[in-house]
Amino acid sequence: MAAARRPGRPGPRHRGTPGQEILEETEAGLTRRHPRLSLSAEVVPDVPVPALLRAAKDAEMLVLGTRGHGALAGFLLGSYGQQLIASAECPVVSVRARDGKPVCGGDEGEVVVGQQGGVQESADVLGFAFEAAAARKVPLRAVRAWGPPPVYGYSPGSMWIAEQFGGLEPFEKDALDQALEPWRPRFPEVEVVARVERGSAGHVLLSEASDARLVVVGRRVRESAVGVRIGSVAHAVLHHSACPVVVVPHR
């Protein structure tokens with residue numbers, strides 16, 4: 001398999017391997033397009049998932065492409081892509097291709113981030129999103145979805161707290177504001193749009209991100225009885241988002 005490496009001492013070239021010519025052509029093309037980018041490349045004699053996980057061990061992010069037609073068919077949410085997204089310790093960026101070219105969203109589109117849970121739980125996800133918006137000099141749209149809890153989910157304590165805020169929606173808006181509060185002064189140049197909408201988190205996030213340049217979602221780092229999972233919200237966004245998606249692991 002072929003893998004990009006971090007700048008530094010180049011790895012062995014493995015002349016004569018099937019992927020060498022493709023990798024060299026890709027490296028040359030990227031160097032022409034981005035002459036100021038420090039780039040190295042290596043053919044790794046290993047299967048994709050463990051090789052990429054090792055390469056990303058100390059990386060800031062791992063980037064995956066897609067192949068196939070329509071909603072991210074084939075590679076990304078196949079066995080390789082899903083394992084990588086669920087297991088990588090760093091943020092994973094997925095970029096779909098259309099007509100052989102990456103689809104990177106509009107030049108003026110916002111960065112859209114899905115916020116769930118409390119301040120600490122969403123810190124890594126929001127931090128990545130603020131940095132991405134600042135780097136691109138675009139607004140950040142922070143989205144939190146909510147819905148009435150099922151009957152068995154009601155408790156006198158939780159409903160009393162919600163009622164003090166005037167109902168569930170104001171309670172959710174306050175939760176989003178609290179999560180954003182630590183980041184606003186760190187990134188004063190980033191215009192923030194906070195949105196709280198009723199509905200399933202995946203549907204709400206996709207609706208708010210219809211013209212986005214980048215979508216950022218979280219993935220809780222935990223193992224279930226059936227192994228690691230990427231979560232239903234990340235799964236929905238990876239399937240249907242028209243722009244690149246970043247999945248950020250968090251505790």
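What you see is a predicted model; the values in this text were computed from it and never measured.

1. Some thoughts on helix α8 (residues 232-240)
Every buried residue belonging to α8 is among Val233, Ala234, Val237 and Leu238, and all of these are buried. The buried residues of α8 occupy an angular sector of 125° when the element is viewed end-on, so they sit on one face. Exposed side of α8, more than 90 degrees from the buried face: Ser232 and His240 are the residues found there.

2. Remarks on the packing of helix α7 (residues 201-208) against α8
Orientation of α7 relative to α8, taken along the N-to-C sense of each, is 40°, at an axis distance of 8 Å. Classified by the interaxial angle, the pair formed by α7 and α8 is oblique. Note that α7 runs across α8; the crossing there is right-handed. For the pair formed by α7 and α8, the contact residues are Ala201, Gly202, Leu205 and Leu206 on the first element and Val233, Ala236, Val237 and His240 on the second. Residues that form the contact of α7 with α8 fall into these classes: six nonpolar, two polar and no charged.

3. Regarding the pairing of strand β3 (residues 62-65)
Alternating positions in β3 separate cleanly, Leu62 and Leu64 being buried on one face and Val63 and Gly65 remaining unburied on the opposite face. For β3 and strand β4 (residues 92-95), the ladder comprises four bridges, and the chain directions are parallel. Bridge pairing links leucine 62 to valine 92 in β4.

4. Things to note about unusual backbone geometry
In this structure, lysine 137 is a non-glycine residue whose phi angle is positive, near 60°. Turning to its location among the elements, lysine 137 is positioned in the loop between α4 (123-136) and β8 (140-146). Note on lysine 137: relative accessible area 77%, which makes it exposed.

5. Regarding the pattern of salt bridges
If you walk through the whole model with that rule in mind, you get nine salt bridges. Across the salt bridge formed by glutamate 208 and arginine 141, the nearest N and O atoms sit 2.9 Å from each other. Here the residue glutamate 208 occupies a position in helix α7, and arginine 141 occupies one in strand β8, the gap between them amounting to 67 residues. Glutamate 208 sits in the buried class, given a relative accessible area of 15%. For arginine 141, a relative accessible area of 17% translates into the label buried. Of the charged contacts, one joins arginine 195 and glutamate 208 as a salt bridge, the two residues approaching to 3.3 Å between their closest N and O atoms. One end of the pair, arginine 195, is in strand β9 (residues 192-198); the other, glutamate 208, is in helix α7, with 13 residues separating them in the sequence. The partly exposed category is assigned to arginine 195, whose relative accessible area is 31%. Each of the salt bridges in this network shares a partner with another, and the network as a whole consists of Glu110, Arg141, Arg195, Glu197 and Glu208.

6. Focus on the side chain of arginine 219
Relative to the helices and strands, arginine 219 is located in strand β10 (residues 214-220). Although buried, arginine 219 forms no salt bridge, and the nearest oppositely charged side chain, glutamate 89, lies 8.7 Å from it. Reaching out from arginine 219, the side chain makes a polar contact with the backbone oxygen of alanine 88 at a distance of 2.9 Å. The contact partners of arginine 219, leaving out residues within four places of it in the chain, are Ile85, Ala86, Ser87, Ala88, Arg229, Ile230, Val247, Val248, Pro249 and His250.

7. Examining the confidence of the model for the protein chain
Summing up the model confidence of the protein chain, the mean pLDDT is 81 and the portion of residues at 70 or higher is 72%. Within the model, the stretch residues 68-76 combines pLDDT values under 50 with 24 contacts to residues more than four positions away or in other chains.

Analysis parameters
- Numbering of residues starts from 1 in each chain and follows the order in which that chain's sequence is written.
- Confidence filtering applies because this is a predicted model: local features only for residues at pLDDT of at least 70, side-chain atom pairs given and counted only at 80 or more, and all residues used for totals across whole chains, interfaces and linings.
- To obtain the side-chain values, all non-hydrogen atoms of the structure were used and water was disregarded.
- Buried residues are those whose accessible area, probed at 1.4 Å on protein chains only, stays under 20% of the maximum for their type, while exposed residues exceed 50% and partly exposed ones sit between those limits.
- Only DSSP runs of H or I reaching four residues or more are called helices, and only runs of E reaching two or more are called strands; each is numbered from the N terminus.
- Throughout, the arc means that of the directions going from the helix axis to the C-beta atoms.
- Here an axis means a line fitted to C-alpha atoms, over the contact stretch when the element is a helix, while the angle between two N-to-C directions is reported on a 0 to 180 degree scale.
- Throughout this description, any angle smaller than 35 degrees is read as roughly parallel, any larger than 145 degrees as roughly antiparallel, any in the 65 to 115 degree range as roughly perpendicular, and the remainder as oblique.
- Handedness of a helix crossing follows the sense of rotation of the near helix relative to the far helix, less than a right angle counterclockwise being left-handed and clockwise being right-handed.
- We call two residues in contact when some of their heavy atoms are within 4.5 Å.
- Here the nonpolar group is Ala, Val, Leu, Ile, Met, Phe, Trp, Tyr, Cys and Pro; Asp, Glu, Lys and Arg are the charged ones; every other residue, Gly included, is treated as polar.
- For two strands to be treated as a pair, DSSP must find no fewer than two bridges joining them.
- Between Lys or Arg on one side and Asp or Glu on the other, a salt bridge is scored when a side-chain nitrogen of the former is within 4 Å of a carboxyl oxygen of the latter.
- We score Asp and Glu as negative and Lys and Arg as positive, and we do not count His or the chain ends.
- N or O atoms within 3.5 Å of each other form a polar contact, as long as, within protein, one can give a hydrogen and the other can take it, and as long as residues adjacent in sequence are counted only when both atoms are side-chain atoms.
- Predictor confidence is given residue by residue as pLDDT, running from a minimum of 0 to a maximum of 100.

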